Amino acid sequence: MAGEQVAAPAPFRSRPGPLNRLAAALGDVVGWRAVIHGLVRLPAAVLAFAVAAGLWGYGLLLLSCPLWWRTAALPAIAPTTWPDALLLSAAGVALLLLAPWGVRLALVPERWLARTLLGPAPGAARIRTLEQTRALAVDDAAAALRRIERDLHDGTAARLVALAMRLGMAQEELAEADRPERLERARGLVDGAHREAKETLAELRVLTRGIHPPALDKGLEIALETLAARSPIPVALEADLPERPSPAVESIAFFCTAELLANVAKHSGARRAAVELRTRAGLLALLVRDDGKGGAMMDAGSGLRGLADRVRMVDGRLGIRSPAGGPTVVTVELPLHI
């Protein structure tokens, strides 16, 4: 009934040897916090037990009043007539119905002690969060570098090799352009190299757009207007940014919006969507809503887990509310400046 979820503290670690284990045990903050919890929780446990026993016991006593009121040995609570007995029985029912809430209220000290002393220390929790976000940032950067390397090697580099070969062949043809057919062949090779160069430039533009969207150069609002205009379904955009966020925050907000609108178009069956962008209390709040079928979940393979990891890298939060039948509302909160 306490309903308190306590995160696991850091595991006990020590070097081999009895003296090392003894020194580690004496300096184990988690262990000492658990000892303090075992001592301090006794009054809180007595209070919770007394409240639970009183509510449930007295409620059952009053509920059974019609069975014993004629032979009661407790004149202080014994009724004198059947209506009084039934009234006390109804009061017992009410007391039993209220007992869970009373017990939960009595467990407040227990919950506070468990949350304060049994979970990880605030500093340790912060260190663990920073370690996780650092690992996510490193993995994300490594994945981005691998993707760029793969795209350059398989696409742009191959096109540049083909371009060099075409220009080399054209150079050979021009060196011996004593006949019209050789000159025509050289002209065709140069034309092909020209097309290859234009396609390579287009690929490079696409590749660099994945690194940093050019639309963000003019601000996040303009970039989101571009996303809304390109969406295959109508998107209503409301943005109010009195100050510009940090570039990294702008980039994360842009890619989150792009991914969420892509999910809306692919999976939701929505007819329209809305994007809201606000700032409050030093936070950048992004909300994406659609009128689709709902049922979106963090682990449903729609990219929401990856977005949540990316948001966590800057101490942000991502929440989703998507009941069956819709609507789906995804909220992203990011620090305005990092």
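All figures in this text were calculated on a predicted structure; none of them were measured in a lab.

A. Structural context of the overall build of the protein. Secondary structure summary: the protein contains 10 helices and 5 strands in total. Counting all 338 residues of the protein, 30% fall into the buried class. The long-range share in the protein, meaning contacts at least 24 apart out of those at least 6 apart in sequence, stands at 66%. As displayed, the protein offers around 20900 Å² of accessible surface, 64% of which is attributable to carbon and sulfur atoms.

B. Looking closely at the sheet that holds strand S1 (residues 235–239). Read across the open sheet, the 5 strands follow the order S1-S2-S3-S5-S4; overall the sheet is mixed. The open sheet has two edge strands, S1 and strand S4 (317–321), and neither has a second partner. Adjacent strand axes in the sheet meet at a mean angle of 10°, parallel and antiparallel pairs treated alike. Bridge count for strand S2 (residues 273–280) against strand S3 (residues 283–290) is 8 bridges, and the pairing is antiparallel. Residue pairing across strands places Arg 280 opposite Leu 283, the latter belonging to S3. Along the sheet, helix H8 (residues 220–230) makes contact with S1, S2 and S3, crossing S1 at roughly 175°.

C. Structural view of the packing of aromatic side chains. In this structure the tally under the stated criterion is 1 aromatic pair. For the ring pair Phe 254 and Phe 255, a centre distance of 5.6 Å and an interplane angle of 80° mean the geometry is edge-to-face. Judged by relative accessible area, Phe 254 falls into the buried class, the value being 10%.

D. Structural context of the environment of Ala 285. For Ala 285, the location among the structural elements is in strand S3. For the pair Ala 285 and Glu 333, spaced 48 residues apart in sequence, the C-alpha separation works out to 4.7 Å. Not counting the four nearest positions on each side in its chain, Ala 285 is found in contact with Glu 276, Leu 277, Arg 278, Arg 280 and Val 332.

E. Just the side chain of Glu 250, in detail. Position of Glu 250 among the secondary structure elements: in helix H9 (residues 247–268). If we skip the residues at most four places from it in the chain, Glu 250 touches Leu 216, Gly 219, Leu 220, Arg 244 and Pro 245.

F. Fine view of the nonpolar core. Ranked by internal contacts, the top residues of the largest apolar core, which has 35 residues, are Leu 220, Phe 254, Leu 261, Leu 277, Leu 284, Leu 286 and Leu 334. Every element with two or more residues in this core is listed here: H8, H9, S2, S3, helix H10 (304–312) and strand S5 (328–335).

G. Region of interest: the pattern of salt bridges. As enumerated under the stated definition, the model contains 8 salt bridges in all. Arg 41 is paired through a salt bridge with Glu 110; the nearest N and O atoms lie 3.1 Å apart. One end of the pair, Arg 41, is in helix H2 (residues 29–63); the other, Glu 110, is in helix H5 (residues 108–118), with 69 residues separating them in the sequence. Overall, Glu 110 belongs to the buried group, its relative accessible area being 13%. Arg 244 is the partner of Glu 250 in a salt bridge, and the nearest nitrogen-oxygen pair spans 2.7 Å. Since its relative accessible area comes to 4%, Glu 250 is described here as buried. One network of salt bridges, with partners in common, ties together Arg 271, Arg 272 and Asp 291.

H. Up close: H10. Within H10, the full set of buried residues consists of Leu 304, Leu 307, Ala 308 and Val 311. Here the buried residues of H10 occupy an arc of 100° about the axis, which is enough to place them on one side. On its buried face, H10 sits against H9, S4 and S5.

I. Region of the structure containing the packing of H2 against helix H4 (residues 82–106). Contact geometry for H2 and H4: axes closest at 7 Å, N-to-C directions at 165°. In this view, H2 runs roughly antiparallel relative to H4, as classed from their interaxial angle. Regarding H2 and H4, the two cross each other, and that crossing is left-handed. When H2 is examined against H4, the residues Leu 47, Ala 48, Val 51, Ala 52, Leu 55, Trp 56, Tyr 58, Gly 59, Leu 60, Leu 62 and Leu 63 are found in contact with a partner set consisting of Leu 88, Ser 89, Ala 91, Gly 92, Val 93, Leu 95, Leu 96, Ala 99, Pro 100, Gly 102, Val 103 and Ala 106.

J. Quick look at unusual backbone geometry. For Ala 281, which is not a glycine, the phi torsion comes out positive at approximately 50°. Looking at where Ala 281 falls in the secondary structure, it is placed in the loop between S2 and S3. Given a relative accessible area of 83%, Ala 281 falls into the exposed group.

K. Up close: the pairing of S4. Examined bridge by bridge, S4 and S5 share 5 bridges and lie antiparallel to one another. The residue bridging Leu 318 from the neighbouring strand is Val 332, located in S5. With antiparallel pairing between neighbouring strands as the criterion, S4 and S5 make up a hairpin whose turn holds 6 residues, including Gly 325 at a positive phi of roughly 95°.

L. The arrangement of a nonpolar patch on the surface in detail. Together, Leu 22, Leu 26, Trp 32, Val 35, Ile 36, Leu 39 and Val 40 line one region of the surface with nonpolar side chains, adding up to about 690 Å² of accessible area. Here the element with the most residues in the nonpolar patch is H2; it accounts for 5 residues. Note that Trp 32 resides in helix H2. Residue classification places Trp 32 among the partly exposed residues on the basis of a relative accessible area of 45%.

Analysis parameters
Residues numbered from 1 in each chain as written. Predicted model: local features only at pLDDT ≥ 70, side-chain atom pairs only at ≥ 80, totals over all residues. Heavy atoms only, no water. Helix = DSSP H or I, 4+ residues; strand = E, 2+ residues; numbered from the N terminus. Buried < 20%, exposed > 50% of the residue type's maximum accessible area, 1.4 Å probe, protein only. Contact = heavy atoms within 4.5 Å. Areas by Shrake-Rupley, 256 points an atom, 1.4 Å probe, with all protein chains shown as cover. Pairing = 2+ DSSP bridges. Axes fitted to C-alpha atoms, helices over the stretch in contact; angles between N-to-C directions. Phe/Tyr/Trp six-rings, centres within 6.5 Å; stacked < 30°, edge-to-face > 60°. Core = buried A, V, L, I, M, F, W, Y, C linked by side-chain atoms within 4.5 Å. Salt bridge = Lys/Arg side-chain N within 4 Å of Asp/Glu carboxyl O. Arc of directions from axis to C-beta. Parallel < 35°, antiparallel > 145°, perpendicular 65-115°, else oblique. Left-handed = near helix turned anticlockwise from the far one by under 90°. Patch = residues over 30% accessible without salt bridge, like charges linked within 9 Å, V, L, I, M, F, W, Y side chains within 5 Å.

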